[in-house]
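Chains, contacts and geometry: an overview
Below, each chain spelled out in residue letters.
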Amino acid sequence: MPSVKEILETMDYGPAPEATGEVDGWLAARGRFGHFIDGAFTKPGAGWDSVNPATGATLAGVTRGTAEDVAAAVKAARKAAPKWAALPGHARAKWLYAIARHLQKRERFLSVLEVLDNGKPIREARDIDLPLAIRHFYHHAGWAELVAEEFPCLAPHGVVGAVIPWNFPILMLAWKIAPALAAGNTVVLKPAEETPLTALAFAEICAEIGLPKGVVNVVTGEGETGAALVASDVDKIAFTGSTEIGRAIRTATAGSAKALTLELGGKSPFVVFADADLDAAVEGVVDAIWFNQGQVCCAGSRLLVAEAVAERFTEKLTARMARLRVGDPLDKCTDIGAIVSPAQLARIRGLLAAGEAAGARLITPEGQLPEGQFCAPGVFLNAEPANPVWSEEIFGPVATLTTFRTPDEAVELANNTRYGLSASIWSENLTLAMDIAAQVRAGVVWINQTNTFDAAAGFGGMRESGFGREGGREGMAAYLRAPTPKERPEAPADFSAVPQPETPAAVGIDRTAKLYIGGKQTRPDSGYSYAITHKGAEIGLAPLGSRKDIRNAVEAAHKAAGWSRVTGHNRAQVLYYIAENLAARAAEFEARLKSTGHDASEVQATIARAFHYAAWADKFDGAVKSTKTRNVTVAMPEPFGVMGVVCPDAAPLLGFASLVLPAIAMGNRVVAVPSASMPLAATDLYQVFDTSDLPGGVVNIVTGPKDELAETLAQHDDVAALWYVGGAAGRAMVETESTGNLKATWTMPNRDWAGAQGRAFLTQATQIKTIWVPYGE
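Residues numbered from 1 in each chain as written. Predicted model: local features only at pLDDT ≥ 70, side-chain atom pairs only at ≥ 80, totals over all residues. Heavy atoms only, no water.

**So, the overall build of the protein**
Each helix and strand in the protein was counted, giving 27 helices and 32 strands. What you see for the protein is a C-alpha radius of gyration of 28 Å, in line with the 28 Å of a compact globule of 777 residues. The C-alpha extent of the protein, read off along each of the three principal axes, is 110 × 65 × 45 Å. Residues counted as buried form 59% of the 777 residues belonging to the protein. (Helix = DSSP H or I, 4+ residues; strand = E, 2+ residues; numbered from the N terminus. Rg over C-alpha atoms; globule rule 2.2 N^0.38 Å. Buried < 20%, exposed > 50% of the residue type's maximum accessible area, 1.4 Å probe, protein only.)

Pasting the structure below:
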């Protein structure tokens, strides 16, 4: 007779399948689905079958949405928008509360439906996806109640077009619809073609609670349907998905004035230091890369392990990986379910083969996989940064493991990616962990944990992982808009580089304006200058900047990275000093502006603006979010780094200061293109900057043709954000050309700059980094 010890060592899990009867009956009763438009389902049309990834069985027929279907849904949403926005916040809160309650009542039904449609394990759908989706609706019911009080003077965009992915269908739906409705918007949702069923069930819940017609609309379809929604008459696009599609959406919406948030791909580092709890870190890897079959945008797919513990860590990880159970997603004992589609499985296998061909060694557990769309968990060893599996998003249950020796090397490896969505740091030394958290370029950082989410905490990325946030106050703000300032016309500038004998300059000592790069006055690379005229008379020459001058200015700005690390108080002192030195030369600047037909009051307004942003420099605070127990969740506003600022032609001094000062107050370094028709107001500031302790490279000024220089800044991959003031064609160009590195852009027409200051400028000059820190035992 075996001993108890032998029984425990040989004991295995028996099957524990989840029943599907209720869902099977629901699917059978419906057969094929139409779209949900204006509060009712349309007649089913031509489309495709949604299938169970684990078995290949047909679940239901789904209609392929056309451009006409999208237009009908947008029309319904547009019709419903005024009444929905006009409801008191309390009334909208009650509707969101009703949605949350009904999701709770249908929680098991929706969990099973999600598993059948997506292939993820029932434990994950039941214990993570549905509770988080419900939490989002409860949380945003609270925001609906508070929106008028907490976001005064802001209004809903109108109609939001939401396009969501297949990896977290019901959760992504909640991320988009809950804040949109709370803010007073109506929604047209396009779910992923692979996983439309929980969105259609959600539509039935909206009808069940009596949600007003047109407030939520669901149009199913493939990529063409999503493209039609992006091109339609919506006011905002909220997209979660691949970086490739996000780039296409940025291009498609350029110049349309549509608000845009993009939550895109990632290749997130999972950093394990020598002092980490290795057993806990191994369990962290389970959650980081094998959760949801690795089909997670923030998956910790690059394991960076201290060389001193790499061997022990690899042994523990390999042993843990061998015990993962791959199989039926409906079995409560399953750890890894099915890959969502044959195309995705083929893509994963292609990348794995490419990784091995490039010299990496793939470790996977022994044993046979079940038949169907399954992929074994794995870890690549000896994968160099040039290997495609190290740099490309696999979106499957396979990670790479790389060693490092020093914290600096760990940071260098962590940031050696075009993405910036998340990072996970493991160390028993909290000082070290927080130091690394500050240095990694990621929108979300988890310390001694991974893939922790909450509706109160912002989630989103940096760099090619997109821009904008979902969740929390910052996510709610993305579904609201500020009043549009009245547009003011601007005079075009002439960029003739030849002598102008018919417009002689005034008699006096010649002043030669130069570019200002790295704290030094420098001649333009082109060797040319252009004439600045007023009422037919030449008043001076300005350097004709070029692409190479922009390149030099960006390099100088990167070398001034220390500015981003100094305290807000220190930055404030420099801004106060700029105001002080400008005040000492106010008469000179006023005379210059008067002589060129500009308002001399710009000087005093610029001094006041410097005081304003000096005051803000150490007061634009982050926040500690009320999320999960045993965590301090910190939202930190961080500077983008190097920003481009293209200033208006009007208000040459005040317009320049209104854009440059908030950017540097937040710790950014700036490459500024001043007023093209009157750049001398900005070039006269060189001496003010030089005598105000402003470090070289923090502000760089390149004069010349506005849109040519703006295009170069937009295309530059080492510029993280770009502000542009100008005409519609220029705004469209900047947004189109920014897609290379998906930099954040803020474009606007010229306006009255007298009152153009405040929190909105600071918000646009920063990005939120959410840091999850363990708190308590």
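**Thoughts on the packing of helix H21 (residues 602-617) against helix H22 (residues 654-665)**
With their axes 9 Å apart at the nearest point, H21 and H22 run at an angle of 10 degrees to one another. Relative to H22, H21 is oriented roughly parallel. Once H21 is placed against H22, the crossing between them reads as right-handed. Here H21 contributes Glu602, Ala605, Thr606, Arg609, Ala610, Tyr613 and Ala617 to the contact with H22, which in turn contributes Leu654, Ala657, Ser658, Leu661, Pro662 and Ala665. A breakdown of the residues in the contact of H21 with H22 according to their chemical character gives 9 nonpolar, 2 polar and 2 charged. (Axes fitted to C-alpha atoms, helices over the stretch in contact; angles between N-to-C directions. Parallel < 35°, antiparallel > 145°, perpendicular 65-115°, else oblique. Left-handed = near helix turned anticlockwise from the far one by under 90°. Contact = heavy atoms within 4.5 Å. Nonpolar A, V, L, I, M, F, W, Y, C, P; charged D, E, K, R; others polar.)

**Let's talk about the packing of aromatic side chains**
The final tally for this structure, using the stated rule, is 21 aromatic pairs. Judged by centre distance (6.4 Å) and plane angle (55 degrees), the ring pair of phenylalanine 33 and phenylalanine 41 falls under tilted. Using a relative accessible area of 3% as the deciding quantity, one classes phenylalanine 33 as buried. An angle of 70 degrees between the planes, with centres 5.1 Å apart, marks the rings of tryptophan 746 and phenylalanine 761 as edge-to-face. Of this pair, tryptophan 746 sits in strand S31 (residues 744-748) while phenylalanine 761 sits in helix H27 (residues 759-764), placing them 15 residues apart in sequence. We classify tryptophan 746 as buried; its relative accessible area is 17%. Here a set of aromatic residues connected by ring pairs shows up, and it is made of Trp26, Phe33, Phe36, Phe41 and Phe109. Here the basic side chain of lysine 236 rests over the ring of tyrosine 479, its NZ or CZ set 4.8 Å away from the ring centre. One cation-aromatic arrangement involves arginine 473 over phenylalanine 151; the distance from NZ or CZ to the ring centre is 4.9 Å. (Phe/Tyr/Trp six-rings, centres within 6.5 Å; stacked < 30°, edge-to-face > 60°. Lys NZ or Arg CZ within 6 Å of the ring centre and 35° of its normal.)

**Some words on the side chain of threonine 766**
Tracing the backbone shows threonine 766 in strand S32 (residues 766-774). Residue classification places threonine 766 among the buried positions, given a relative accessible area of 11%. One polar contact links the side chain of threonine 766 to the main-chain carbonyl oxygen of leucine 762, over a distance of 3.0 Å. Sequence-distant contacts of threonine 766, that is, excluding residues within four places in its chain, are made with Phe620, Pro637, Glu638, Phe640 and Met666. (Polar contact = N/O pair within 3.5 Å; in protein donor to acceptor, adjacent residues only side chain to side chain.)

**What about the pattern of salt bridges?**
Per the stated rule, a full pass over the model turns up 31 salt bridges. Between aspartate 454 and arginine 135 there is a salt bridge, with the nearest N and O atoms lying 2.7 Å from each other. With a gap of 319 residues between them, aspartate 454 in the loop between strand S18 (444-447) and strand S19 (466-467) and arginine 135 in helix H6 (residues 122-150) connect regions that are remote in the sequence. Here the residues in one salt-bridge network are Arg247, Glu392, Arg418 and Glu464, joined through shared partners. (Salt bridge = Lys/Arg side-chain N within 4 Å of Asp/Glu carboxyl O.)

**Topic: the domain arrangement of the protein**
Taken domain by domain, the protein holds domain 1 (35-43 + 63-263), domain 2 (268-460) and domain 3 (515-628 + 639-766). Placing a centre on the C-alpha atoms of domain 1 and another on those of domain 2 gives a separation of 30 Å. Across the interface of domain 1 and domain 2, roughly 2,200 Å² is buried in total on both sides, 63% from carbon and sulfur atoms. The three residues of domain 1 that bury the most area against domain 2 are Arg123, Trp166 and Glu263, which together make up 23% of that side's buried surface. Linking domain 1 with domain 2 are 2 salt bridges, by the criterion used here. At the boundary of domain 1 with domain 2, the tally comes to 9 residue pairs in polar contact (both at pLDDT 80 or more). Where the side of domain 1 that touches domain 2 is concerned, the elements lending two or more residues are helix H5 (107-118) and H6. Among the elements that line the side of domain 1 that touches domain 2, the one with the most residues is H6, at 9 residues. (Domains from an automatic or database assignment. Buried area = accessible area lost by both parts, 1.4 Å probe.)

**Looking at helix H15 (residues 407-414)**
Buried within H15 we find Ala410, Val411, Leu413 and Ala414. For H15, the angular spread of buried residues about the axis comes to 165 degrees, placing them on one side. Of the exposed residues in H15, those oriented more than 90 degrees away from the buried face are Asp408 and Glu412. Summarising the contacts, the buried residues of H15 are in contact with strand S12 (269-272), strand S13 (302-306), helix H14 (388-391), strand S16 (398-404) and helix H16 (430-439). (Arc of directions from axis to C-beta.)

**Digging into the nonpolar core**
Phe137, Trp290 and Phe313 are the most contacted members of the largest nonpolar core, which has 147 residues in total. No other element matches the 12 residues that helix H7 (residues 169-183) contributes to this core. Built from parts of two domains, this core gets at least three residues from each of domain 1 (35-43 + 63-263) and domain 2 (268-460). Setting aside residues no more than four positions away along its own chain, phenylalanine 313 makes contact with Val272, Leu278, Ala281, Val282, Val285, Val305 and Leu401. Listed in part, the 88 residues of the second largest apolar core include Leu264, Ile532, Ala681 and Leu762. (Core = buried A, V, L, I, M, F, W, Y, C linked by side-chain atoms within 4.5 Å.)

**Details of the sheet that holds strand S4 (residues 47-51)**
Taken together, 3 strands build an open sheet; the order of strands is S1-S5-S4 and the sheet is mixed. The open sheet has two free edges, formed respectively by strand S1 (32-33) and S4, since each of these has just one partner strand. (Pairing = 2+ DSSP bridges.)

**Some thoughts on helix H9 (residues 223-231)**
The set of residues buried in H9 consists of Thr225, Gly226, Ala228, Leu229 and Val230. Residues of H9 that are buried sit in contact with helix H3 (67-86), strand S7 (159-163), strand S8 (186-190), strand S10 (236-240) and helix H10 (243-253).

**Looking at a nonpolar patch on the surface**
A surface patch of nonpolar side chains, about 410 Å² in accessible area, is lined by Val4, Ile7, Leu8 and Met11. Summarising the element assignment, valine 4 is placed in helix H1 (residues 4-10). (Patch = residues over 30% accessible without salt bridge, like charges linked within 9 Å, V, L, I, M, F, W, Y side chains within 5 Å. Areas by Shrake-Rupley, 256 points an atom, 1.4 Å probe, with all protein chains shown as cover.)

**A few points about the sheet that holds strand S15 (residues 378-381)**
What the 10 strands build is an open sheet, ordered S14-S15-S16-S13-S12-S17-S18-S32-S26-S25; its pairing is mixed. Of all strands in the sheet, those with a lone pairing partner are strand S14 (361-363) and strand S25 (623-625), marking the two edges. When the angles between neighbouring strand axes are averaged without regard to direction, this sheet yields 25 degrees. Across the sheet, helix H13 (residues 342-357) is in contact with S14, S15 and S16; its angle to S15 comes to roughly 25 degrees.

**Thoughts on a positive patch on the surface**
Residues Lys75, Lys79, Lys83 and Lys213 make up a contiguous surface patch of positive charge. Relative to the assigned elements, lysine 79 resides in helix H3. In this structure lysine 79 comes out as exposed when scored by relative accessible area, which is 69%. (Lys, Arg positive; Asp, Glu negative; His and termini not counted. Charge placed at Lys NZ, Arg CZ, Asp CG, Glu CD.)

**Digging into the pairing of S13**
Counting buried positions over the 5 residues of S13 gives 5, a clear majority of the element. Of the two faces of S13, the one carrying Arg302, Leu304 and Ala306 and the one carrying Leu303 and Val305 are both buried. As judged from the 4 bridges shared by S12 and S13, these two strands associate in the parallel manner. Of the residues in S13, the one forming a bridge with phenylalanine 270 is leucine 303. Read from S12 through helix H11 (residues 278-289) to S13, the crossover connection turns out right-handed. As paired strands, S13 and S16 are joined by 5 bridges and run parallel to one another. Bridge pairing in S16 places valine 305 opposite threonine 403. (Right-handed = clockwise from strand over helix to strand, strands pointing away.)

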